[in-house]
Amino acid sequence: MKNSNRTASIVAAVLLITSGFAAATPPVPGPMPPPDNQKLAHDIFKEIVEVRSVHDVGTRGVADILVRFLKAAGFTDGDIHVLPEEKYPDQVNVVVRLTGKGKGKPILWNGHMDVVEAKPQDWSLPPFQFIEKDGYFYGRGTSDMKDEDAALVASLIRLRKERFIPDRDIIVAFTADEEMGEEQDGMWYLLREHRPLVDAVMAINPDGGSGQIENGKRLNFGITTAQKTYVTFTLQTTNKGGHSSEPRPDNAIYELARGLVGLSRYEFPFKTTATTRIYFGKTAMTQTGQMRADMQALAAPKLNVEAARRVAGDPPFNAILHSTCVATMLSGGHQENALAQSATATVQCRLMPDETVDGTKAAIEAAVADPRIVVKPLGTVLSAGETPPNPSLIALVQTVVDSMWPGVSVIPDMSAASGDSIFTRQAGIPSYGIGGGWNDINDVRVHGRDERHEIGDFYSCVEFTYRLMKELSQAE
Ligand SMILES: [Zn+2]
């Protein structure tokens, strides 16, 4: 996962660490796999965490380990495809198939094998050693997402060992370079170059979604069905400049500043989607008073703008109620006694599913209301529509969650973070972010220092993956 929107949680986590408070005791884990499968999951997990599969190194090392475990368990060369990318040969993908009875199109699971860089001097433990300490497994990738990769391999092997024949094929794609993204992203590469190998009726991405824990209590279990698109613009003014002793009405800095004030007052239209209507309807139950009434109003198909505006007073809810753009960087001028020849602002936008870069550019231009301010998008932008939450899938996941963690509610959500589901959605495959590992929202270490996974939670994540993989492969 990249570009997480959980800034508030990260700030809270930093405060927690720097102020020296211990995190709350984790809740009792859910059911665990049989001991032999636990050992297998542990051994795979340990080996792959100890491979430094960052962008510059690539994913071959992890791919080799996964293939070795799969072959030792009886998967054949016909079941396993090892696919280095032609243009980026260090970025290696692995696609494995557990062949079923052919009743319907396969289910695709996808997990990335790369990790974000970790510098030993920033960590209190060596980041590429798998260390068990104080009830946690430590190491880069222990929560994003080598834990889920190990769970996927261990579950495939368990199903095969049990001689389970699924109704539909189960495909698992272990992919390269998700954290860097773009052309060499393994999931995107597979969809472009090897579509028949990964073609499926739906994709399950354990990188997105998951259960949330706060103060040692389980809150709810999120399924990510939509994500916002990330796009950055520059806003630039230019001027012939001159001596600062002779200012004129035309001025690059003042023109840009006035435009930014206009942008700061602009409110993108509120909208709800199939995902957020269910999300607000369910989240209303955890609220009281006006907030509860407003969230219930937002569950209705017709938008209540006043309710949306009140709920949007809370920044995390604001983020899922409309597109947002915000100035994040500013530069201008070249010398203290010269009139500025240019001024530039960087404006970061997060777009609701189905909104376009061109439409957003037009909205910014209207908000700044000055044709001298040139608005340009930076880089390529990927976007994909929402996967409308399929009620029977949500119900099936709820059944599996009930069997693991009774009393926890499954809630579809929209993420402002991006990940590989954007590629599968773009390719027309309905995609669900469903991860079996739980996160303490006040102690998020993904991409950060001393990344870790609570030991009991890791094993129950393996068990959840097995149960969901099995159930889904037999569903209508
Ligand atoms: Zn990830």
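Undergrad: Would you mind going over the overall build of the protein chain in detail, with residue names and values included?
TA: Of the regular secondary structure elements, the protein chain holds 15 helices and 19 strands. Scaling as 2.2 N^0.38, a compact globule of 476 residues should have a C-alpha radius of gyration of about 23 Å, and the protein chain matches this with 24 Å. For the protein chain, the spread of C-alpha atoms along the three principal axes comes to 85 × 50 × 50 Å. Scored against the burial criterion, the 476 residues of the protein chain give a buried share of 44%.

Undergrad: Run through the environment of arginine 195, naming residues and quoting values.
TA: By the element assignment, arginine 195 lies in helix H6 (residues 195-198). Among the residues examined, arginine 195 registers 10 C-beta atoms within 10 Å and is labelled exposed.

Undergrad: An account of the packing of helix H4 (residues 146-161) against helix H15 (residues 455-472) is needed here, citing residue identities and associated values.
TA: Orientation of H4 relative to H15, taken along the N-to-C sense of each, is 50°, at an axis distance of 9 Å. When the interaxial angle is binned, H4 and H15 end up oblique. As for the relative orientation of H4 and H15, their crossing is right-handed in sense. Packed against H4, whose contacting residues are Asp147, Ala151, Leu152, Ala154, Ser155, Arg158 and Leu159, the element H15 presents Phe458, Cys461, Val462, Thr465, Tyr466, Met469 and Lys470 at the interface.

Undergrad: Any details on the packing of helix H8 (residues 274-283) against helix H9 (residues 289-298)? Residues and values, ideally.
TA: The geometry of H8 relative to H9 is characterised by a closest axis approach of 7 Å and an angle of 150° between their N-to-C directions. Between H8 and H9, the angle falls in the class roughly antiparallel. You can see that H8 and H9 cross each other, and the crossing is left-handed. Facing Arg277, Phe280, Gly281 and Thr283 of H8, the residues of H9 in contact are Met295, Gln296 and Leu298. For the contact of H8 with H9, a count of residues per class yields three nonpolar, three polar and one charged.

Undergrad: Which residues make up the sheet that holds strand E14 (residues 342-351), and what values do they have?
TA: A sheet is described by the order of its strands in space; here four strands give the open sequence E12-E14-E10-E15, paired in antiparallel fashion. Edge positions in the open sheet fall to strand E12 (324-332) and strand E15 (374-378), since each of these has one partner strand only. Adjacent strand axes in the sheet meet at a mean angle of 25°, parallel and antiparallel pairs treated alike. By the bridge criterion, five bridges tie strand E10 (residues 229-238) to E15 in an arrangement that is antiparallel. Opposite glutamine 236, over in E15, you have valine 374 as the bridge partner.

Undergrad: If you had to explain the environment of glutamine 184 to someone new, which residues and values would you point to?
TA: For glutamine 184, the location among the structural elements is in the loop between strand E6 (170-175) and helix H5 (186-193). Of the residues examined, glutamine 184 has 19 C-beta atoms within 10 Å and is grouped as partly exposed. Glutamine 184 sits 145 residues away from methionine 329 along the chain, and the two C-alpha atoms are 28 Å apart.

Undergrad: Pulling in residues and values, what's your account of the sheet that holds strand E5 (residues 136-138)?
TA: With antiparallel pairing, three strands are arranged side by side in an open sheet as E4-E5-E19. Looking along the sheet, the strands with just one partner apiece sit at the ends: strand E4 (131-133) and strand E19 (452-454). On average, each strand axis in the sheet is tilted by 25° relative to the strand beside it, whichever way the strands run. Pairing analysis gives three bridges linking E4 to E5, with the strands arranged antiparallel. Paired with isoleucine 131 across the bridge in E5 is tyrosine 138.

Undergrad: Break down the nonpolar core for me, citing the residues and quoting the values.
TA: Membership of the largest hydrophobic core comes to 85 residues, with the highest contact counts inside it found for Ala41, Leu66, Val153, Ala154, Val172 and Ala173. Of the residues that make up this core, three or more belong to each of domain 1 (7-208 + 419-472) and domain 2 (228-378).

Undergrad: Can you break down the environment of serine 53 residue by residue, with the values?
TA: Topologically, serine 53 is positioned in the loop between helix H2 (35-49) and helix H3 (60-72). For the pair formed by serine 53 and alanine 63, sequence separation is 10 residues and the distance between their alpha carbons is 9.9 Å. With residues up to four places along the chain from it excluded, the contact list for serine 53 reads Gly58, Thr59, Gly61, Val62, Met113, Asp114 and Val115.

Undergrad: Describe the confidence of the model for the protein chain, naming the residues involved and giving the relevant values.
TA: Do not read the predicted coordinates in detail wherever pLDDT is low. Mean pLDDT over the protein chain: 93, with 95% of residues reaching 70 or higher. Contacts for the low-pLDDT stretch residues 2-21, under 50 throughout, to residues beyond four places or in other chains number 28 contacts.

Undergrad: How would you summarise unusual backbone geometry if you had to cite specific residues and measurements?
TA: At the junction of aspartate 144 and methionine 145, the peptide bond is cis and its omega measures out at -15° in the coordinates. For methionine 145, the position within the fold is in the loop between E5 and H4. Unusually for a residue other than glycine, aspartate 450 sits at a positive phi of about 50°. Along the chain, the position of aspartate 450 falls in the loop between strand E18 (438-440) and E19.

Undergrad: Residue-level account of the pairing of strand E7 (residues 202-205), with values.
TA: Bridge count for strand E3 (residues 107-112) against E7 is three bridges, and the pairing is parallel. The partner of leucine 108 across the bridge, within E7, is alanine 203. Note that E7 and strand E17 (residues 431-433) share three bridges and pair parallel. Paired with asparagine 205 across the bridge in E17 is glycine 433.

Undergrad: Tell me about the pairing of E10, residues and numbers included.
TA: Where E10 meets E14, 10 bridges bridge the pair, whose relative direction is antiparallel. When the sheet's bridge partners are listed, tyrosine 230 is paired in E14 with arginine 350.

Undergrad: Break down H15 for me, citing the residues and quoting the values.
TA: With 18 residues, H15 should cover 26 Å at 1.5 Å per step; its first-to-last C-alpha distance of 26 Å lies within 8% of that length. Within H15, 14 of the 18 residues are buried, which leaves the element mostly enclosed by the surrounding structure.

Undergrad: I'd like to hear about helix H13 (residues 391-404), residue by residue, with values.
TA: Given 3.6 residues to a turn, an α-helix orients residues that are three or four positions apart in the same direction. Across its 14 residues, H13 extends 20 Å between first and last C-alpha, which sits within 8% of the 20 Å expected from 1.5 Å per residue. When H13 is considered as a whole, its buried residues turn out to be Leu393, Val397, Val400, Val401 and Met404. Buried residues of H13, viewed axially, fall in a sector of 100°; they line one side. Among the exposed residues of H13, those pointing more than 90 degrees away from its buried face are Pro391, Ser392 and Ala395. Tucked inside the fold, the buried residues of H13 contact strand E9 (217-227), strand E16 (409-415), E17 and H15.

Conventions adopted
Residues numbered from 1 in each chain as written. Predicted model: local features only at pLDDT ≥ 70, side-chain atom pairs only at ≥ 80, totals over all residues. Helix = DSSP H or I, 4+ residues; strand = E, 2+ residues; numbered from the N terminus. Rg over C-alpha atoms; globule rule 2.2 N^0.38 Å. Buried ≥ 20, exposed ≤ 12 C-beta atoms within 10 Å, placed from the backbone. Axes fitted to C-alpha atoms, helices over the stretch in contact; angles between N-to-C directions. Parallel < 35°, antiparallel > 145°, perpendicular 65-115°, else oblique. Left-handed = near helix turned anticlockwise from the far one by under 90°. Contact = placed C-beta atoms within 7 Å. Nonpolar A, V, L, I, M, F, W, Y, C, P; charged D, E, K, R; others polar. Pairing = 2+ DSSP bridges. Core = buried A, V, L, I, M, F, W, Y, C linked by C-beta atoms within 7 Å. Domains from an automatic or database assignment. pLDDT = per-residue confidence, 0-100. Expected span 1.5 Å × (residues − 1). Arc of directions from axis to C-beta.

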